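# Observations on chain architecture
Here is how the chains run, residue by residue.
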Amino acid sequence: MSNVRVRFAPSPTGELHIGGARTALFNFLYVRSVGGTFILRIDDTDLERSRADYTDKLIASLRWLGFDWDEGPYYQSKRLMEYTSEAERLLADNKAYRCYCSIEDLAKGRDAAHKENRAYQYPGKCRDLASEAEKAYLKEGREAVIRLRTPDHGSTVVDDQIRGEVSFDNEMLDDFIIVKSNGQPTYNFASVVDDLQMGITDVIRAEEHLSNTPRQLLCALALGYKLPRFAHVPMILAPDRSKLSKRHGATSVEEFYNEGYLPEALVNYMALLGWSPGEDREILTLEEMIDSFSLQRVNKTAAIYDVTKLAWMNGHYIREYKPDKLAEASLPFFKRRGLLREELSDPEYDYFKRVLKAVRERARTLVELADAAEYFYLEQVEYDVKGVKKAFKKEGTAELLRTMIEELRAVEPFDRETTEAFYQDLGEKTGLSIGRLIQPTRLAITGRMGGPGLFEIIELLGKEKTIARLEKAIDYIDRYQGSD
Ligand code: GLU
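My aim in this report is to walk through the structure given alongside it, one point at a time. (Residues numbered from 1 in each chain as written. Predicted model: local features only at pLDDT ≥ 70, side-chain atom pairs only at ≥ 80, totals over all residues. Heavy atoms only, no water.)

## Comments concerning the overall build of the chain
Convention followed: Helix and strand definitions here come from DSSP, where helices need a minimum of 4 consecutive H or I residues and strands a minimum of 2 consecutive E residues; each element is numbered from the N-terminal end. Note on method: radius of gyration uses C-alpha positions; expected globular size equals 2.2 Å times residues raised to 0.38. Any residue under 20% of the maximum accessible area for its type is buried, any over 50% is exposed, and the rest in between are partly exposed; the area is computed with a 1.4 Å probe on protein chains only. We call two residues in contact whenever any of their non-hydrogen atoms come within 4.5 Å of each other. Only the protein chains shown count as cover for residues, and all accessible areas are computed by the Shrake-Rupley method using a 1.4 Å probe. In this count, Lys and Arg are taken as positive residues and Asp and Glu as negative ones, while His and the chain termini are left out. A single reference atom marks each charge: NZ on Lys, CZ on Arg, CG on Asp, CD on Glu.
Helix and strand counts for the chain stand at 19 helices and 12 strands. The C-alpha radius of gyration of the chain comes to 32 Å, more than 25% above the 23 Å expected for a compact globule of 484 residues. In terms of overall dimensions, the chain has a C-alpha envelope of 110 × 50 × 40 Å along the principal axes. A buried classification covers 48% of the 484 residues belonging to the chain. Of the contacts made within the chain by residues no fewer than 6 positions apart, 77% connect residues no fewer than 24 positions apart. Summing over all exposed atoms, the chain offers an accessible surface of approximately 24,200 Å²; the carbon and sulfur share of this is 50%. Each charge class in the chain was averaged separately, 69 positive and 80 negative side chains, and the resulting centres sit 3 Å apart.

Set out below in structure tokens:
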């Protein structure tokens, strides 16, 4: 076991987004590749936006993806004492100070900066407040925030494992707030106190936090702890390079689940968003990813999200899944569609697995899989409109189906090989091409023009259902004969 300790620290203010999930994955791959400890921390200090049900969902999403953690979840909301006492220590060491500036005063300063087109900075009014003035403020009942005393010259350098050294001018950083007037720590402060107290060796997180890092470094220096290493992973953008959002389809892990994606496919796909194992390898098991993962191979540039590729990968995993696993994963999708009930008997379960085996070739999601298997479970099939024109409206189709039914009754056993041989014979006898026989049969028993091999379907449906559907098709053709 190495002494590497990493954390994934989501804020429970929404569902786990693909960006967050990818950050969790990179933490997970890294820590497993070096044999360290993976910590889950819930950053729930924002009392207004944090919700317990989001925490539950985040945890459920992480479990579904298979990112098991070794410690936690720790909750920032339960660690208020730690932040308060660390802030008190900074105050006692004069590394932080209380600021009594009113919201109105600060807003005035902000407006003025805005008018002059310059970035606003806290002017440091309360930096060296005389104790008399402080007393007066307290008497007035003013509330205070706590600010960190930051250097106004020099620079703070982040030595990022992915980006190299990134330097920030200290002049650009003002004395920022570490504890709000309600006593809650700000993200930058709570995060640093936790990272340091939890012995985090590597902070791996989204690029959007890079601009927070100099502030966090200054907090850490003031607190006098050893700094962790940092790695900021690139953004994930939509194909048009805009920010990934709802209009690009599913973006949260829960939505991907609902659309019928498998965790292995999502994990495999996310791993390649900003990282590559080299040698153009694309399909990788979790173990293979862990074996070849390194932060040095993570890109600096944004990764582009491509749902077509994700769907292709998902199709691959659907085909690779063991029958029992695929059945278990698909069952909720069949239930949701009303095709299956809660409990399946053993024979029903075996039949379900045979159906899945037949239809899984082309399905890219479990939703598509349930769609492709629908006719095995529906009482009535609905005919594809184009199919009707092509396969039912041809002269003599009803007659052809009648002959077929008569002869099919005698076919025994009613399996793939025997029914196929029967169709070959019928073709020879009638002088019709096999396609001419297959097309209306397929439409009659599935309602569709495409799908798995016809004889596989016939075998699965069995004689009774096959014949009943052919009879229904004859009725349909008779009724609509001549109409367009
Ligand atoms: N709670 C922060 C977020 O979800 C964590 C950032 C960090 O990893 O420090 O963005």
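## Describing helix H16 (residues 397-408)
The test is simple: How far a helix is expected to stretch is found by multiplying one less than its residue total by 1.5 Å. The directions from the helix axis to the C-beta atoms form the arc being described.
For H16, with 12 residues, the first-to-last C-alpha span of 16 Å sits near the 16 Å given by 1.5 Å per residue. Three or more residues of H16 are buried, namely Thr397, Ala398, Leu400, Leu401, Met404, Ile405 and Leu408. The buried residues of H16 occupy one face: seen down the axis, they fall within an arc of 155 degrees.

## Some details on the site of the ligand
Here is the rule we go by: By convention in this text, a residue qualifies as near a molecule or strand provided that one of its non-hydrogen atoms is within 4 Å of it. Here a polar contact is taken to be a pair of N or O atoms separated by no more than 3.5 Å, where protein atoms must pair a possible hydrogen donor with a possible acceptor and residues adjacent in sequence count only if both atoms sit in side chains. The distinction between a cavity and a pocket rests on a 1 Å grid over the protein atoms alone: a 1.4 Å probe fits inside a cavity but cannot get out, while a pocket stays open yet meets protein on both sides within 12 Å along at least five of seven lines, and a residue with an atom within 4 Å of a point counts as lining. Those molecules having more than half of their atoms within 2 Å of a cavity or pocket grid point set are described as sitting in that cavity or pocket. Think of it as three bins: nonpolar holds Ala, Val, Leu, Ile, Met, Phe, Trp, Tyr, Cys and Pro, charged holds Asp, Glu, Lys and Arg, and polar takes everything else, Gly as well.
If you check the shell around the ligand, you find Arg7, Ala9, Pro10, Ser11, Asp43, Tyr187, Ser191, Arg205 and His209 and nothing else. Ala9 places a main-chain nitrogen or oxygen 2.8 Å from a nitrogen atom of the ligand. Considered on its own, the ligand offers 300 Å² of accessible surface; in the complex 82% of this is hidden by protein. Judged by its atoms lying within 2 Å of the grid points, the ligand is housed in the largest pocket. Residues belonging to the shell around the ligand are distributed by class as follows: three nonpolar, three polar and three charged.

## Some details on the nonpolar core
Inclusion rule: In this text, buried Ala, Val, Leu, Ile, Met, Phe, Trp, Tyr and Cys residues form a nonpolar core when linked through side-chain atoms within 4.5 Å.
Judged by nonpolar contacts, the single largest core of 110 residues is most densely connected at Phe67 and Phe376. If you tally residues by element for this core, the top one is helix H19 (residues 454-480), at 11 residues. Counting 21 residues, the second largest nonpolar core, distinct from the first, contains Leu90, Leu148, Ala190 and Ala220.

## With respect to the packing of aromatic side chains
Stated precisely, the cut-off is as follows: Each aromatic pair joins two rings of Phe, Tyr and Trp (for Trp, the six-membered one) with centres within 6.5 Å, and gets the label stacked for planes under 30 degrees apart, edge-to-face for over 60, and tilted for any other angle.
The final tally for this structure, using the stated rule, is 21 aromatic pairs. The interplanar angle of 70 degrees and the centroid separation of 4.8 Å between the aromatic rings of Tyr383 and Tyr476 together place this pair among those described as edge-to-face. With a gap of 93 residues between them, Tyr383 in the loop between helix H14 (366-373) and helix H15 (385-392) and Tyr476 in helix H19 connect regions that are remote in the sequence. Residue classification places Tyr383 among the buried positions, given a relative accessible area of 16%. Ring pairing ties together the aromatic residues Phe334, Tyr349, Tyr351, Phe352 and Tyr377, which thus form one cluster.

## Focus on the packing of helix H18 (residues 434-446) against H19
The following threshold applies: Note on geometry: axes are C-alpha line fits, over the in-contact stretch for helices, and angles between N-to-C directions span 0 to 180 degrees. Note on angle classes: values under 35 degrees are labelled roughly parallel, values over 145 roughly antiparallel, values of 65 to 115 roughly perpendicular, and the remainder oblique.
Where H18 contacts H19, the two axes come as close as 8 Å, and the packing angle between them is 80 degrees. Between H18 and H19, the crossing angle belongs to the class labelled roughly perpendicular. On H19, the residues touching Ile438, Thr441, Arg442, Ala444, Ile445 and Thr446 of H18 are Leu454, Phe455, Ile457, Ile458, Leu461, Thr466, Arg469, Leu470 and Ala473. Looking at the contact of H18 with H19, its residues break down into 10 nonpolar, three polar and two charged.

## A short note on the layout of surface pockets
Counted only if it meets this: Grid points are joined across faces, edges and corners, and a volume is the space filled by probe spheres set on the points.
Approximately 1,100 Å³ is the volume found for the largest pocket. The wall of the largest pocket is formed by 40 residues, among which Ser11, Gly20, Ala206, Glu208 and His209 lie closest to the centre. Those elements that place two or more of their residues in the lining of the largest pocket are strand E1 (5-8), helix H1 (18-34), helix H6 (187-197) and strand E9 (202-206). At five residues, H1 tops the list of elements feeding residues into the lining of the largest pocket. If you add up the space inside the second largest pocket, you get close to 390 Å³. As for the second largest pocket, its lining consists of 19 residues, of which Ile103, Leu106, Val145, Arg147 and Ile177 are closest to the centre. Listed by contribution, the elements that provide at least two residues to the lining of the second largest pocket are helix H4 (103-115) and strand E5 (145-148). Considering each element in turn, the lining of the second largest pocket owes the most residues, four residues, to H4. For the lining of the second largest pocket, the class distribution of residues is 12 nonpolar, two polar and five charged.

## Considerations on the packing of helix H13 (residues 346-359) against H14
At their nearest, the axes of H13 and H14 sit 10 Å apart, and the two run at 105 degrees to each other. Taken together, the axis directions place H13 and H14 in an arrangement best described as roughly perpendicular. Contacts between H13 and H14 involve Val355, Leu356 and Val359 from the first element and Leu369, Ala372 and Ala373 from the second. In terms of residue class, the contact of H13 with H14 is built from six nonpolar, no polar and no charged.

## What to know about empty space enclosed by the protein
Rolled over the atoms, a probe with the dimensions of a water molecule shows which regions are left empty. On inspection of all chains with the given rule, the structure shows one cavity of 30 Å³ or more. Empty space within the largest cavity amounts to approximately 60 Å³. In terms of lining residues, the largest cavity is bounded by Val192, Asp195, Leu196, Gln216, Leu217, Ala220, Leu227, Pro228 and Phe230. If you list the elements that add at least two residues to the lining of the largest cavity, you get H6 and helix H7 (213-223). Of the residues that constitute the lining of the largest cavity, the class distribution is seven nonpolar, one polar and one charged.

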